[in-house]
Amino acid sequence: MIQLPKDFVLGAATAAYQTEGATKIDGKGRVLWDDFLEKQGRFSADPACDFYNQYPVDFKNCRDFGITSLRVSIAWSRIFPTGYGEVEPRGVAFYHRLFKEMRCNGIEPYVTLHHFDTPETLFSEGDWLNKEMVAHFVDFAAFCFEEYQEEVYHWITINEPTTLAKQQRITGTFPPGEKYQFNHCFQQQHYLNLAHARVVNQFREMNIPGEIGVVHAIQTVYPNSDKESDRLAAQRQDVLENKFLLDGTLKGSYDPELLEVVEAILKDNHQDMIRVTQEELDELAKAAEKVDFVGVNYYYSKFVESYDGPSEFIHNGTGTKGSSTRKLAGVGQEVLREELRTTDWDWPIYPQGLGDTLRRIHAEYSNVEKIYITENGLGKKEAPDENGEILDLERIDYIESHLEEVAKVISEGVPVKGYFVWSFQDMFSWTNGYNKRYGLFYVDFETQERRPKKSACWYKELIANKKK
Ligand code: BGP
């Protein structure tokens, strides 16, 4: 068994839109996904795993399996159906009930304020490309801090700014489905950095007890060879996916070399440089000193080669191995290495990438005193076997090998304080629907029955051992 410190948090993660269902219930406002998914016609977020009604069952399972920390998110449009203005009391009451139930089961909530579910009104007014949205987000966050301060201690500003910006503006897989708009992507990343910073500054000004941080998806980027051209491609990919956001939120600045890379990517795509003001930079710098932790969501690493052609991105959203293409003009192309196993969604399994990312954060952002792995897990097509069991040995292997990396970097002095499996139960996946399951608990989406997978039992034992 893996050796982890006694006070190491072993939890699990969820998100509102992927679990709650009830998208039209109790005055909830529409979000950017509702229309997008309706038009796509493949699947919807109703009923997901009906967490809106089933949360007492889930929390009981959580308690019974020794999980005492759980990531959940607050759906902005349950509180402010149009993103700002009038408050919906039924939404406010729902989260009070939810947090109370968590507490009754001895579960510590880690609460995300924005997990990909922008209210539709704000989305149609320009979303994160409209600076006004930043102000509305701060108001929503301040409302939550005030309202839930006695129930919540751990706050996360934004989940995965990189995924949002890239998938909304470059790969076209998130609404509005724009493709190859690198300028929009970087501008949005900057406004997401700003939104995070302002919420942190607001939290400190309100003097709310607790800790606050941001969650970044990090896909560790490696050049596929020693060639200088591959090294440059990897550097560009890293700036696009990781560094611009890491620097903006953890250093609170963009140094000239970083901006040069951004400019080079934009130039190669014949797009204008982004706008950043000194006043905004001052806000980033102020917040960077006050961030309590950074969350790292890690699923896979990227091996990148130089590429001179036009952008061509084909998303594997069905779990058909080998169906993806990932080439970006002015950046590079991702290569699948034969020696690495991949998931059915073409995600290479590479635990060392997690270790390297954790070391990098510790080395480059020495002000960061605490790191949580806020998501890590394996997506699979699954069904119960003839005995009704789900023997997800591959998932156990995945989690174990990643936790071994975590234990290794802790022994080297990297301050990793917790790990949250994605996900607690099976749920809706944004671009894949319901056939990509991550849960420790299997959910029958017809009946909403839950049953523990083998991984849930394994995780329970791991938690119990840690406490010995
Ligand atoms: C992260 C998100 C989660 C979750 C996970 C798995 O990017 O924060 O919300 O969905 O990835 O991704 P997917 O469902 O696309 O496999």
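Summary of the structure given here. (Residues numbered from 1 in each chain as written. Predicted model: local features only at pLDDT ≥ 70, side-chain atom pairs only at ≥ 80, totals over all residues. Heavy atoms only, no water.)

## Concerning the site of the ligand
Close to the ligand lie 15 residues; Gln-18, Glu-160, Ser-429, Lys-436 and Tyr-438 are nearest. In the environment of the ligand, an oxygen atom lies 2.6 Å from a nitrogen or oxygen atom belonging to the side chain of Gln-18. In the model, an oxygen atom of the ligand is placed 2.9 Å from a nitrogen or oxygen of the Glu-375 side chain. If the ligand stood free it would expose 380 Å²; the protein chains cover 91% of that surface. Broken down by class, the residue content of the shell around the ligand amounts to six nonpolar, six polar and three charged. (Near = heavy atom within 4 Å. Polar contact = N/O pair within 3.5 Å; in protein donor to acceptor, adjacent residues only side chain to side chain. Areas by Shrake-Rupley, 256 points an atom, 1.4 Å probe, with all protein chains shown as cover. Nonpolar A, V, L, I, M, F, W, Y, C, P; charged D, E, K, R; others polar.)

## Let's talk about the sheet that holds strand β11 (residues 332-335)
Two orientations exist for strands paired in a sheet by backbone hydrogen bonds: parallel and antiparallel. With mixed pairing, five strands are arranged side by side in an open sheet as β6-β8-β11-β10-β9. The strands lining the two open edges of the sheet, one partner per strand, are β6 (221-223) and β9 (312-314). Each strand of the sheet is rotated relative to its neighbour by a mean of 35°, with strand direction disregarded. As paired strands, strand β8 (residues 302-305) and β11 are joined by three bridges and run antiparallel to one another. Paired with Glu-305 across the two strands is Gln-333, which belongs to β11. (Pairing = 2+ DSSP bridges. Helix = DSSP H or I, 4+ residues; strand = E, 2+ residues; numbered from the N terminus. Axes fitted to C-alpha atoms, helices over the stretch in contact; angles between N-to-C directions.)

## Side note on the packing of helix α10 (residues 228-251) against helix α11 (residues 256-268)
For any two helices packed against each other, one specifies the crossing angle of their axes together with the interaxial distance. Remark: α10 packs on α11, axes separated minimally by 10 Å, with the N-to-C direction vectors making an angle of 130°. With respect to α11, the axis of α10 lies oblique. Considering the relative orientation of α10 and α11, their crossing is left-handed. Contacts from Gln-235, Arg-236, Val-239, Lys-243, Phe-244 and Asp-247 of α10 reach α11 at Leu-258, Leu-259, Val-261, Val-262, Ala-264, Ile-265 and Asp-268. The residue inventory of the contact of α10 with α11, partitioned by class, reads eight nonpolar, one polar and four charged. (Parallel < 35°, antiparallel > 145°, perpendicular 65-115°, else oblique. Left-handed = near helix turned anticlockwise from the far one by under 90°. Contact = heavy atoms within 4.5 Å.)

## Some thoughts on the side chain of Lys-28
By secondary structure assignment, the location of Lys-28 is in the loop between α1 (16-19) and α2 (32-40). Once you skip the residues sitting within four places of it in the chain, Lys-28 turns out to touch Tyr-17, Ala-22, Thr-23, Ala-75, Ser-77 and Arg-78.

## Considering the pattern of salt bridges
A side chain of one charge can pair with a side chain of the opposite charge if their charged atoms are brought near each other. Taken as a whole and assessed by the stated rule, the structure comprises 39 salt bridges. For the salt bridge of Lys-286 with Glu-205, the shortest nitrogen-to-oxygen distance reads 3.6 Å. One end of the pair, Lys-286, is in helix α12 (residues 278-288); the other, Glu-205, is in helix α9 (residues 182-206), and 81 residues separate them in sequence. We classify Lys-286 as partly exposed; its relative accessible area is 38%. The partner of Asp-356 in a salt bridge is Arg-359, and the shortest N-O contact between them spans 3.0 Å. Of this pair, Asp-356 and Arg-359 both sit in helix α13 (residues 351-364), three residues apart, roughly one helical turn. Looking at Arg-359, the relative accessible area reads 27%, which means it is partly exposed. (Salt bridge = Lys/Arg side-chain N within 4 Å of Asp/Glu carboxyl O. Buried < 20%, exposed > 50% of the residue type's maximum accessible area, 1.4 Å probe, protein only.)

## Things to note about the nonpolar core
Of all hydrophobic cores here, the largest spans 127 residues; its most connected members are Trp-155 and Leu-403. Considering every element that reaches this core, the biggest residue donor is α9, with 11 residues. Apart from residues no more than four positions distant in its own chain, Leu-403 is found in contact with Ile-2, Leu-4, Phe-8, Leu-10, Tyr-419, Trp-458 and Leu-462. Core analysis: the second largest hydrophobic core is formed by 20 residues, Phe-420, Trp-422, Val-443 and Phe-445 among them. (Core = buried A, V, L, I, M, F, W, Y, C linked by side-chain atoms within 4.5 Å.)

## Some details on the packing of α13 against helix α14 (residues 393-411)
Axis separation between α13 and α14 bottoms out at 8 Å; the angle between their running directions is 30°. Considering the angle they form, α13 stands roughly parallel to α14. Here the hand of the crossing between α13 and α14 comes out right-handed. Seen from α13, the contacting residues are Pro-351, Gln-352, Leu-354, Gly-355, Leu-358 and Arg-359; seen from α14, they are Ser-401, His-402, Glu-405, Val-406, Lys-408 and Val-409. Looking at side-chain class alone, the contact of α13 with α14 contains five nonpolar, four polar and three charged residues.

## Some thoughts on the sheet that holds strand β12 (residues 371-375)
Taking strand neighbours around the barrel as the criterion, the eight strands line up as β1-β2-β3-β4-β5-β7-β12-β13 in a closed arrangement whose pairing is parallel. For this sheet, the mean inter-axis angle between neighbouring strands, taken without regard to orientation, is 25°. Pairing analysis gives five bridges linking strand β1 (residues 9-13) to strand β13 (residues 416-422), with the strands arranged parallel. Its bridge partner lying in β13, Val-9 is registered against Gly-418. Sheet strands touched by helix α5 (residues 89-104): β2 (69-73) and β3 (108-114). Its angle to β3, the strand with the most contacts, is close to 150°. Taken strand by strand, helix α8 (residues 161-169) contacts β3, β4 (154-159) and β5 (211-217), and its axis lies near 40° from that of β5.

## Observations regarding α8
Here α8 lies mainly inside the structure; eight of its nine residues are buried. Looking only at α8, the buried set comprises Pro-161, Thr-162, Thr-163, Leu-164, Ala-165, Lys-166, Gln-168 and Arg-169.

## As for unusual backbone geometry
The step from Pro-175 to Pro-176 runs through a cis peptide bond, and the omega angle for that step is 10°. Along the polypeptide, Pro-176 turns up in the loop between α8 and α9. In this structure, Ala-22 is a non-glycine residue whose phi angle is positive, near 45°. Checked against the element boundaries, Ala-22 lands in the loop between α1 and α2.

## Comments concerning the environment of Tyr-300
Within the secondary structure, Tyr-300 is located in the loop between β7 (293-297) and β8. The exposure class of Tyr-300 is buried, given its relative accessible area of 6%. Distance from Tyr-300 to Arg-275, taken between C-alpha atoms, is 31 Å for residues 25 residues apart in sequence. Discounting chain neighbours no more than four positions away, the residues touching Tyr-300 are Ile-218, Gln-219, Thr-220, Arg-326, Trp-347 and Pro-348.

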